[in-house]
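Descriptive structure summary
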Amino acid sequence: MKYQIGQTVTGVVTGIQPYGAFISLDETHQGLIHISETHYGFVRDIHDYLKVGQSVKAKILDIDEYSQKISLSLRCLEEDQEDVPVVNARDVHKRYWTNYHVHTGFQPIADAMDGWLAEARQRFLK
């Protein structure tokens, strides 16, 4: 069978690991539902949602063209998402890791470069 991204498929859970569940789609194709794609919100234990041998309906998120690995999602098919908190854009504050009041550019690196090169030469010659 030819699979496509966005397609809804049915498969059987063949194995469960802490990071996700393996789903057999047919005799030759297998997909993975990552734990983050199991349910909306935080999932502490994937065993709360899936069991080996269980038949599941999932949506194809991605297909790796080289390895033919198929990424699946259960949460894309969930309809009830009322318990998921909505983040208001006004509540999100940007955090800058650079001080925009200091305008030194690359000068500190240029000033330290000679010392770094001298130290590297000494270590290399030992």
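If you look the protein chain up in an unreviewed UniProt entry, it shows as CvfD/Ygs/GSP13 family RNA-binding post-transcriptional regulator from Furfurilactobacillus milii.

Digging into the packing of aromatic side chains
Using the criterion set out here, one finds 1 aromatic pair in the structure. Centre to centre, the rings of tyrosine 19 and phenylalanine 22 are 6.3 Å apart; their planes meet at 90°, and the pair counts as edge-to-face. Using a relative accessible area of 41% as the deciding quantity, one classes tyrosine 19 as partly exposed. Positioned above the aromatic ring of tyrosine 40 is the side chain of arginine 75, whose terminal nitrogen or guanidinium carbon lies 5.2 Å from the ring centre.

So, the pattern of salt bridges
In total, this model carries 2 salt bridges according to the counting rule given. The partner of glutamate 37 in a salt bridge is arginine 75, and the shortest N-O contact between them spans 3.1 Å. Linking glutamate 37 in the loop between β3 (30-34) and β4 (55-63) with arginine 75 in the loop between β5 (70-73) and α1 (107-125), this pair joins segments that are 38 residues apart in sequence. Classification of glutamate 37 as buried rests on a relative accessible area of 15%.

Considering the sheet that holds β5
The strand order around the closed barrel built from 5 strands is β1-β2-β3-β5-β4, with neighbouring strands paired in mixed fashion. With direction set aside, neighbouring strand axes in the sheet form an average angle of 50°.

With respect to the side chain of glutamate 78
Tracing the sequence through the fold places glutamate 78 in the loop between β5 and α1. Salt bridges are absent for the buried glutamate 78, whose nearest opposite-charge side chain, arginine 75, sits at 7.5 Å. Engagement of the side chain of glutamate 78 in a polar contact is seen with the side chain of histidine 39, the distance being 2.7 Å. From its side chain, glutamate 78 meets the backbone nitrogen of tyrosine 40 in a polar contact 3.5 Å long. Not counting the four nearest positions on each side in its chain, glutamate 78 is found in contact with Thr38, His39 and Tyr40.

Here's the deal with the pairing of strand β2 (residues 20-24)
Two elements, strand β1 (residues 8-17) and β2, share 5 bridges in a ladder whose sense is antiparallel. Paired with glycine 15 across the two strands is phenylalanine 22, which belongs to β2. With antiparallel pairing between neighbouring strands as the criterion, β2 and β3 make up a hairpin whose turn holds 5 residues.

Focus on the nonpolar core
Among the nonpolar cores identified, the biggest contains 19 residues, and Ile23, Leu50 and Leu72 are the most heavily contacted of them. Taken together, the elements giving at least two residues each to this core come down to β1, β2, β4 and β5. If one sorts the elements of this core by residue count, β4 sits on top with 4 residues. Here isoleucine 23 is in contact with Gly11, Val12, Val13, Thr14, His29, Gln30, Gly31, Ile33, Val56 and Leu72, once residues within four sequence places are set aside.

Parameters at a glance
Residues numbered from 1 in each chain as written. Predicted model: local features only at pLDDT ≥ 70, side-chain atom pairs only at ≥ 80, totals over all residues. Heavy atoms only, no water. Phe/Tyr/Trp six-rings, centres within 6.5 Å; stacked < 30°, edge-to-face > 60°. Buried < 20%, exposed > 50% of the residue type's maximum accessible area, 1.4 Å probe, protein only. Lys NZ or Arg CZ within 6 Å of the ring centre and 35° of its normal. Salt bridge = Lys/Arg side-chain N within 4 Å of Asp/Glu carboxyl O. Helix = DSSP H or I, 4+ residues; strand = E, 2+ residues; numbered from the N terminus. Pairing = 2+ DSSP bridges. Axes fitted to C-alpha atoms, helices over the stretch in contact; angles between N-to-C directions. Lys, Arg positive; Asp, Glu negative; His and termini not counted. Polar contact = N/O pair within 3.5 Å; in protein donor to acceptor, adjacent residues only side chain to side chain. Contact = heavy atoms within 4.5 Å. Core = buried A, V, L, I, M, F, W, Y, C linked by side-chain atoms within 4.5 Å.

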